[in-house]
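In case you want the letters, here they are:
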Amino acid sequence: MDTNKSSLMLVDGMALLFRAFFATAVSGQFMINSKGVPTNAIHGFVKHFATAVAKFKPTHTMVCWDMGSKTFRTEMFDNYKANRPDAPVELLPQFDLVKEVVAALDVPNIGLPGFEADDCIGTIARTAKEVDSITILTGDKDILQLIDDRVSVILLQKGYGNYLVHNRDSLFAEKGIWPEQMIDLKAFMGDPSDNYPGVRGIGEKTAIKLLQEHGNVEGVIANLHQLTKSQRAKIEADLEMLHLSRQLAEIKCDVPVECRMDEALFRIDREKLLSKFNEVELKGLHRLFENDAMYA
């Protein structure tokens, strides 16, 4: 690695926190501290964060968060994410507390009401010109659409320290389409987890084939006459939802969020961090931050 190169790691805070929570909640390990506050999600979040920072060695870091369930997407489509259950009661107090822990790491917490963490990540990834490269740490494949010549995505795999890292070429090798076509792929397929249908009857295999042949949604629509009778009928029947699904799938990269890069320089204040860990009773996690290069 060129030590003179600067790199920004954008962390999808919601993805890491939820993954950490459910990894232990399934067996009832909520790690309740002496104040009666569960800390399992925070503990796992810090472990994911520290492990990734140690491996990828970014010079700068930021963590992005959702700021409530109401966004411009729910205004466009009432049923957007309407299928998701409420957050478990044991997770609720950890939402604010994890941000305090991130702040104790001197890492900026970024979020904007009305938008999702993905939109903040996308905007910063497109506008942070002061750094040489950007990595996005997440478990959410929606983020793959943001990959470009300067941006790569680190997908969390099972356990800690296991990653699938994608750049433009590796994503094309796996999927057969380019990052910018991932939006069109979701437009056709829909997204059950976000609760919008796309085009009923068009699955991933067919959608990828259509995009390989015609480039994007507009290209497919312009060439409906070349499609099979069945494909044409399905698309024509759900044309309005196809366009809406594409709007829902696209990460906005122009939201009014910003963070100064000097505030994101990754340097830890040892005393501040240990004090917060002791306050929250995050036992043993200080060992993950023993590399002197991390400290101011």
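Our structure's up above, just so we're on the same page.
About the criteria used
- Counting restarts for each chain: residues are numbered from 1 in the order of the written sequence.
- Totals for whole chains, interfaces and linings use all residues, but because this is a predicted model, local features are given only for residues with pLDDT of at least 70 and pairs of side-chain atoms are given and counted only at 80 or more.
- Hydrogens are left out, water is left out, and the side-chain values use all remaining heavy atoms of the structure.
- In DSSP terms, a helix is any run of H or I states spanning at least four residues, a strand is any run of E spanning at least two, and both are numbered starting from the N terminus.
- Only protein chains enter the area calculation, which uses a 1.4 Å probe; residues under 20% of their type maximum are buried, those over 50% are exposed, and those in between are partly exposed.
- In this description, contact between two residues means that some pair of their heavy atoms is separated by no more than 4.5 Å.
- Neither His nor the chain termini are counted; the positive set is Lys and Arg, and the negative set is Asp and Glu.
- Positions of charges follow a simple convention, taking NZ of Lys, CZ of Arg, CG of Asp or CD of Glu.
- What makes a salt bridge here is a side-chain nitrogen of Lys or Arg within 4 Å of a carboxyl oxygen of Asp or Glu, nothing more.
- The set of buried Ala, Val, Leu, Ile, Met, Phe, Trp, Tyr and Cys residues whose side-chain atoms join them within 4.5 Å is what this entry labels a nonpolar core.
- Pairing between strands is defined by DSSP: at least two bridges between them are needed.
- Fitted lines through C-alpha atoms serve as axes, helices being fitted only where they are in contact, and the angles separating the N-to-C directions of these axes extend from 0 to 180 degrees.
- The handedness criterion is simple: a crossing whose near helix is rotated anticlockwise from the far helix by less than a right angle is left-handed, and one whose near helix is rotated clockwise is right-handed.
- Residue polarity is assigned by list, with Asp, Glu, Lys and Arg as charged and Ala, Val, Leu, Ile, Met, Phe, Trp, Tyr, Cys and Pro as nonpolar; anything else, Gly included, falls into the polar class.
- Throughout this description, any angle smaller than 35 degrees is read as roughly parallel, any larger than 145 degrees as roughly antiparallel, any in the 65 to 115 degree range as roughly perpendicular, and the remainder as oblique.

Asks: Give me the lowdown on the overall build of the chain, citing residues and values where you can.
Replies: Scanning the chain from terminus to terminus reveals 12 helices and 6 strands. By principal-axis analysis of the C-alpha atoms, the chain measures approximately 65 × 45 × 35 Å. Here the chain, with 296 residues, has 49% of them falling under the buried criterion. Considering only contacts in the chain between residues 6 or more positions apart, those separated by 24 or more positions represent 70%. Taking the average location of the 34 positive side-chain charges in the chain and that of its 42 negative ones, the two points are 5 Å from each other.

Asks: So what about the pattern of salt bridges? Which residues, and what values?
Replies: Side chains that differ in charge, positive against negative, can pair when their charged atoms come close. On inspection of all chains with the given rule, the structure shows 22 salt bridges. Linking aspartate 106 and lysine 272 is a salt bridge whose minimum nitrogen-to-oxygen distance equals 2.6 Å. Of this pair, aspartate 106 sits in the loop between helix 4 (92-104) and strand 3 (109-110) while lysine 272 sits in helix 12 (residues 270-280), placing them 166 residues apart in sequence. For lysine 272, a relative accessible area of 38% corresponds to the partly exposed category. Between glutamate 213 and lysine 209 there is a salt bridge, with the nearest N and O atoms lying 2.9 Å from each other. Taken together, the residues span about one helical turn, with glutamate 213 and lysine 209 both in helix 8 (residues 204-214) at a distance of 4 residues.

Asks: I'd like a description of the nonpolar core, backed by residues and values.
Replies: Ranked by size, the top nonpolar core spans 48 residues in total, and within it Leu8, Leu10, Met62, Ile134, Ile136, Phe188 and Ile235 carry the most contacts. Those elements that provide at least two residues to this core are strand 1 (7-12), strand 2 (60-64), helix 5 (117-127), strand 4 (133-138), strand 5 (151-156), helix 7 (182-189), helix 8 and helix 9 (217-222). With 5 residues, the single largest contributor to this core is helix 5. Other than its neighbours up to four places away in sequence, isoleucine 134 contacts Leu8, Leu10, Ile124, Ala125, Ala128, Arg150, Val151 and Ser152. In this structure, Phe30, Val53, Val107 and Val280 belong to the second largest nonpolar core, which totals 40 residues.

Asks: Mind laying out the sheet that holds strand 4, listing which residues take part and the relevant values?
Replies: Read from one edge to the other, the open sheet built from 6 strands follows the order 3-2-1-4-5-6, with strand pairing classed as mixed. Single-partner strands in this sheet number two, and they are strand 3 and strand 6 (163-166). Of the strands in this sheet, strand 1, strand 2, strand 4 and strand 5 are in contact with helix 1 (residues 13-25), which crosses strand 1 at around 50°. Contacts from helix 2 (residues 40-56) reach strand 1, strand 2, strand 4, strand 5 and strand 6, with the element oriented near 55° to strand 6.

Asks: So what about the side chain of aspartate 12? Which residues, and what values?
Replies: Tracing the sequence through the fold places aspartate 12 in strand 1. Residue contacts for aspartate 12: discarding those within four places in its chain leaves Cys64, Ala117, Asp118, Ile121, Leu137, Thr138 and Asp140.

Asks: Tell me about the packing of helix 2 against helix 4, and name the residues and values.
Replies: Where helix 2 meets helix 4, the closest approach of the two axes is 9 Å, and the angle between their N-to-C directions is 35°. The element helix 2 and its partner helix 4 pack so that their crossing is right-handed. On helix 4, the residues touching Asn40, Ala41, Ile42, Phe45 and Val46 of helix 2 are Gln94, Leu97, Val98, Val101 and Val102. By residue class, the composition of the contact of helix 2 with helix 4 is 8 nonpolar, 2 polar and no charged.

Asks: An account of unusual backbone geometry is requested, with residue identities and associated values reported.
Replies: Non-glycine residue methionine 31 carries a positive phi angle of around 55°. Here methionine 31 shows up in the loop between helix 1 and helix 2.

Asks: Tell me about the packing of helix 1 against helix 4, and name the residues and values.
Replies: A pair of packed helices can be characterised by two numbers: the angle between their axes and the separation between those axes. The geometry of helix 1 relative to helix 4 is characterised by a closest axis approach of 12 Å and an angle of 130° between their N-to-C directions. By the angle between their directions, the pair helix 1 and helix 4 is classed as oblique. Once helix 1 is placed against helix 4, the crossing between them reads as right-handed. Residue-level inspection shows Met14, Leu17, Phe18 and Phe21 of helix 1 in contact with helix 4, the latter providing Gln94, Phe95 and Val98. For the contact of helix 1 with helix 4, the residue count by class is 6 nonpolar, 1 polar and no charged.

Asks: Provide a residue-level description of helix 5, including the pertinent values.
Replies: In terms of residue burial, helix 5 counts as a mostly covered element, since 9 of its 11 residues are buried. When helix 5 is considered as a whole, its buried residues turn out to be Ala117, Asp118, Asp119, Cys120, Ile121, Gly122, Thr123, Ile124 and Ala125. Taken together, the buried residues of helix 5 touch strand 1, strand 2, helix 3 (72-76), strand 3, strand 4 and strand 5.

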